[in-house]
Amino acid sequence: KGYTHYTSNKGLAEFREAVAQKLKSENHMDVDPETEVMATVGSMGALSLAMLTIIDPGDEILIPSPGYANYRSQVLMAGGKPVPYRLKEDDAFQPDIEEISNVITGRTKAMVINSPSNPTGAVLSNDVLKEIADLAIERNLIVISDEAYERIIYENAHHVSLASLPGMMHRTISIFTFSKTYAMTGWRIGYAVADEAIISEMTKLQEHLVAHPSSISQIAAIAALTGPDCYVKRMINEYAERRRIMIQGLSNISGIRFLKPMGAFYIFPNVSIFQMSSREFTMYLLENARVIVVPGTAFGRFGEGYIRISYSISRERLKEALERIAESVEKLK
Ligand SMILES: Cc1ncc(COP(=O)(O)O)c(C=O)c1O
């Protein structure tokens, strides 16, 4: 069909229109596809462009800890100062507004939120989102809302886009991707939604960096958005089953404590009882169980005492991994 040439820096008009329709029906966000949406190279591309656009040298950006490791690097890359705000297991890994208020200074420009969360699996509650909105308005902050796992949620959890809350559209940079919902990680396609002034700057930067995401990926993304949703639902059910296996398997291992993840495909067990650092415990599992998990500290210093396990692999392999973890943990007693 000839989609082999350059596209607009903000992506094909058809792509932005399909995205705007999806945002309206699924995220309750009313956006102008011409000025408030742009196609990006995955959510990573959108996050980097957002940081480079809003950060002046020395600006402080609040990032969740434990949180997705790239936020820190992206803030540093843009000349900013990443300031972690702590997410506590006791709060079900929901941000504590008081904790956040305490780290806000005159240099704080923005905060990053991520729901559903990698690595904790927490889905931010409506109440917390409202508190975040109030805080952002009161302290004049931009919020970068990473919604990569918006569709992967369980039980009665409900995903709400921060930008859909009153007064938040113009101060939120909402970031979405096709990577997780459609298992299209390698296609490198996502999108950012924000105020016209921000999207226009991000679009200029995209020209200098990559021009635009691949035209073929934009077309594939339109097919994903406009095609039948049954494949997504089937995969979400499959993740729910893997989550059930994970919860059941880990519950049978004494010493390991965890909160049920409500979204994404990660579980973040507390392993502090074993008297090893997260890194040591991870290495122990690697050497003894031949199972790879990620130390909580890979997600910031407040991840100490935890490990992150991904359950995005097949049920059979998960069961095998759980058995091996159980055997290795038994040896520690
Ligand atoms: C929270 C979060 N944000 C963003 C990304 C990046 O995804 P992509 O660039 O493939 O859209 C990931 C990938 O694991 C993630 O976990």
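Residues numbered from 1 in each chain as written. Predicted model: local features only at pLDDT ≥ 70, side-chain atom pairs only at ≥ 80, totals over all residues. Heavy atoms only, no water.

### Here's the deal with the overall build of the chain
No. 1: Counting its regular elements, the chain contains 10 helices and 10 strands.
No. 2: In terms of overall dimensions, the chain is globule-like: its C-alpha atoms have a radius of gyration of 20 Å, near the 20 Å expected for 333 residues.
No. 3: Projected onto its principal axes, the C-alpha positions of the chain cover 60 × 50 × 35 Å.
No. 4: Across the 333 residues in the chain, those meeting the buried criterion constitute 55%.
No. 5: Across the chain, every contact between residues at least 6 apart in sequence was considered, and the portion connecting residues at least 24 apart equals 72%.
No. 6: When the accessible area of the chain is evaluated, it comes to approximately 14,900 Å², of which 51% is carbon and sulfur surface.
No. 7: Positive and negative side-chain charges of the chain, numbering 35 and 39 respectively, have mean locations separated by a distance of 5 Å. (Helix = DSSP H or I, 4+ residues; strand = E, 2+ residues; numbered from the N terminus. Rg over C-alpha atoms; globule rule 2.2 N^0.38 Å. Buried < 20%, exposed > 50% of the residue type's maximum accessible area, 1.4 Å probe, protein only. Contact = heavy atoms within 4.5 Å. Areas by Shrake-Rupley, 256 points an atom, 1.4 Å probe, with all protein chains shown as cover. Lys, Arg positive; Asp, Glu negative; His and termini not counted. Charge placed at Lys NZ, Arg CZ, Asp CG, Glu CD.)

### Looking at the site of the ligand
No. 1: Inspection of the region around the ligand gives 14 residues, with Ser43, Asp146, Tyr149, Thr177 and Ser179 positioned closest.
No. 2: A distance of 2.7 Å separates an oxygen atom of the ligand from a polar side-chain atom of Lys180.
No. 3: Arg188 places a side-chain nitrogen or oxygen 2.8 Å from an oxygen atom of the ligand.
No. 4: Here the ligand, which alone exposes 400 Å², has 93% of that area covered by the protein.
No. 5: Taken together, the residues of the shell around the ligand sort by class into five nonpolar, six polar and three charged. (Near = heavy atom within 4 Å. Polar contact = N/O pair within 3.5 Å; in protein donor to acceptor, adjacent residues only side chain to side chain. Nonpolar A, V, L, I, M, F, W, Y, C, P; charged D, E, K, R; others polar.)

### Examining the packing of aromatic side chains
No. 1: For the structure shown, the criterion picks out 15 aromatic pairs.
No. 2: Measuring from ring centre to ring centre gives 5.2 Å for Phe176 and Tyr191, while their planes differ by 20 degrees; the resulting arrangement is stacked. One end of the pair, Phe176, is in strand E6 (residues 172–177); the other, Tyr191, is in strand E7 (residues 190–193), with 15 residues separating them in the sequence. The same class applies to Phe176 as to Tyr191, namely buried.
No. 3: Look at Phe274 and Phe281: their rings are 5.2 Å apart centre to centre, the planes differ by 20 degrees, and that puts the pair in the stacked class.
No. 4: Phe274 gets classed as buried once you look at its relative accessible area, which sits at 14%.
No. 5: Each residue in the set Phe15, Phe176, Phe178, Tyr182 and Tyr191 is aromatic and connected to the rest through ring pairs, giving one cluster.
No. 6: Over the face of the ring belonging to Phe176 we find Lys22, whose NZ or CZ atom lies 4.3 Å from the ring centre. (Phe/Tyr/Trp six-rings, centres within 6.5 Å; stacked < 30°, edge-to-face > 60°. Lys NZ or Arg CZ within 6 Å of the ring centre and 35° of its normal.)

### A few points about the pairing of strand E4 (residues 108–114)
No. 1: Burial analysis of E4 places six of its seven residues in the buried class, which makes it a mostly covered element.
No. 2: The sheet contact formed by strand E2 (residues 60–65) and E4 spans three bridges and is parallel. Bridge pairing in E4 links Leu62 to Met111.
No. 3: Where E4 lies against strand E5 (residues 142–146), five bridges are found, and the strand directions are parallel. From the neighbouring strand, Asn114 faces E5, where its bridge partner is Asp146.
No. 4: This β-α-β element, E4 to helix H5 (residues 126–138) to E5, shows right-handed connectivity. (Pairing = 2+ DSSP bridges. Right-handed = clockwise from strand over helix to strand, strands pointing away.)

### Thoughts on the environment of Gly67
No. 1: By secondary structure assignment, the location of Gly67 is in the loop between E2 and helix H3 (70–77).
No. 2: Residue classification places Gly67 among the buried residues on the basis of a relative accessible area of 4%.
No. 3: Counting along the chain gives 206 residues from Gly67 to Ile273, while the straight-line C-alpha distance between them is 22 Å.
No. 4: Each residue touching Gly67, except ones within four places of it in the same chain, is listed here: Asn118, Pro119 and Phe299.

### Some points on the sheet that holds strand E10 (residues 307–310)
No. 1: Across the sheet, three strands lie side by side as E8-E10-E9; this open sheet has antiparallel pairing. With one partner strand each, in any of the chains shown, strand E8 (266–267) and strand E9 (294–295) form the two edges of the open sheet.
No. 2: Taken together, the two bridges between E9 and E10 define a ladder with antiparallel strand orientation. Opposite Val294, over in E10, you have Arg308 as the bridge partner.

### Re the side chain of Glu147
No. 1: In this fold, Glu147 is placed in the loop between E5 and E6.
No. 2: Polar side-chain contacts of Glu147 include one of 2.8 Å to the side chain of His159.
No. 3: The residues touching Glu147, leaving out its near neighbours within four places in the chain, are Asn27, Ser115, His159, Ser161, Leu162, Ser174, Ile175 and Phe176.

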